[in-house]
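Residues per chain, in single letters:
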Amino acid sequence: MWRRVVSLYPLLSPSKSSVLHRAKSGIASNEKTPFIVFVLGGPGSGKGTQCAKIVETFGFRHLSAGDLLRKEISSNNENGVMILDTIKEGKIVPSEVTVKLIQKEIESSDNYKFLIDGFPRSEENRIAFEKILGVEPNIVLFYDCPEDEMVRRVLSRNEGRVDDNVDTIKKRLKVFAALNLPVIKHYTVRGKVCKINAVGAVDEVFEQVRPIFTLMVK
Ligand code: UDP
Ligand code: MG
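Quick summary incoming for the structure in this document. (Residues numbered from 1 in each chain as written. Chains lettered and ligands numbered in written order. Predicted model: local features only at pLDDT ≥ 70, side-chain atom pairs only at ≥ 80, totals over all residues. Heavy atoms only, no water.)

Next up on the list: the nonpolar core. In terms of nonpolar packing, the biggest core is built from 28 residues, with F38, I102, I116, F119 and F129 touching the most fellow members. When residues of this core are traced back to their parent elements, those giving at least two are β1 (35-41), α3 (65-74), α4 (80-88), α5 (95-107), β3 (113-117), α6 (123-133), β4 (139-144) and α8 (166-189). With 5 residues, the top contributor of residues to this core is α5. For I102, the residues in contact, after removing those within four places along its chain, are L63, L68, I116, F119 and F129. Counting 26 residues, the second largest nonpolar core, distinct from the first, contains I54, F58, C194 and A198. (Core = buried A, V, L, I, M, F, W, Y, C linked by side-chain atoms within 4.5 Å. Buried < 20%, exposed > 50% of the residue type's maximum accessible area, 1.4 Å probe, protein only. Helix = DSSP H or I, 4+ residues; strand = E, 2+ residues; numbered from the N terminus. Contact = heavy atoms within 4.5 Å.)

In structure tokens:
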């Protein structure tokens, strides 16, 4: 069985009704503690597409870190320009910015099951998340995909993204290998990683994921 790992962080003071507060206080048995899944994999490995299938089948709330950051850019918020420049370079936005966006979504959600897509992207991201939210993921899904396939998918997805071009993809792949793989390694050692072969039709890939959720998520 999966262990639910909920560490306590003394500085954490989420709103009384949030799942994080419930995780911390461990009150009333009929109240749900958060179930957190990190969804990792390189650019174009299919994280977003697979998250949509998981949401549809298992009723999770999908939080794409990249989408939350792009929303900051399009709503002209204070960090918008910095975020845009960082994304164009394929680099990683400072942890405090991303963690705050994710935290806000978790704390304001009625759901308690979260898919956190494309985060943490570095050990620094991971440590900041665990420290600020006071929780660890229950499961980490790693969509394993060869680089040439990822490049092919990103260049053909036509979503108008500033970072979906050959130059930025090369940088993102380097950043993925250097900074994101250590996060996957960290959770592999802790027995939390489910590695998924990301090559194949959407439904075929999803069939590898289905049994994990059927078993682990109540
Ligand atoms: N990004 C980031 N921190 C995150 C998630 C995304 O800095 O936690 C930035 C980073 O520059 C990344 C870009 O947003 O290259 C796009 O991320 P997204 O997850 O949307 O890309 P995908 O992997 O889905 O292609
Ligand atoms: Mg994505």
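The subject of this paragraph is the site of ligand 1. Taken together, 20 residues form the shell around ligand 1, and within it K47, R70, K91, V93 and R172 come nearest. In this structure, an oxygen atom belonging to ligand 1 sits 3.0 Å away from a side-chain N or O atom of R121. Taking R157, its side chain carries an N or O atom lying 2.9 Å from an oxygen atom of ligand 1. Here ligand 1 loses 96% of its free accessible area of 530 Å² to cover by the protein chains. The biggest single contributor to the shell around ligand 1 is α3, with 4 residues. Considering only residue class, the shell around ligand 1 consists of 7 nonpolar, 5 polar and 8 charged. (Near = heavy atom within 4 Å. Polar contact = N/O pair within 3.5 Å; in protein donor to acceptor, adjacent residues only side chain to side chain. Areas by Shrake-Rupley, 256 points an atom, 1.4 Å probe, with all protein chains shown as cover. Nonpolar A, V, L, I, M, F, W, Y, C, P; charged D, E, K, R; others polar.)

On the basis of which strands lie adjacent, the open sheet formed by 5 strands has the order β2-β3-β1-β4-β5 and parallel pairing. With partners counted over all chains shown, the strands left at the sheet margins are β2 (61-64) and β5 (193-197), one partner each. Direction aside, neighbouring strands of the sheet carry axes that sit 20° apart on average. Direction of pairing for β1 relative to β4: parallel, over a ladder of 5 bridges. Counted as the bridge partner of V37 is I139 from β4. Docked against the sheet, helix α2 (residues 47-58) engages β1, β2, β3 and β4, running at close to 170° with respect to β3. (Pairing = 2+ DSSP bridges. Axes fitted to C-alpha atoms, helices over the stretch in contact; angles between N-to-C directions.)

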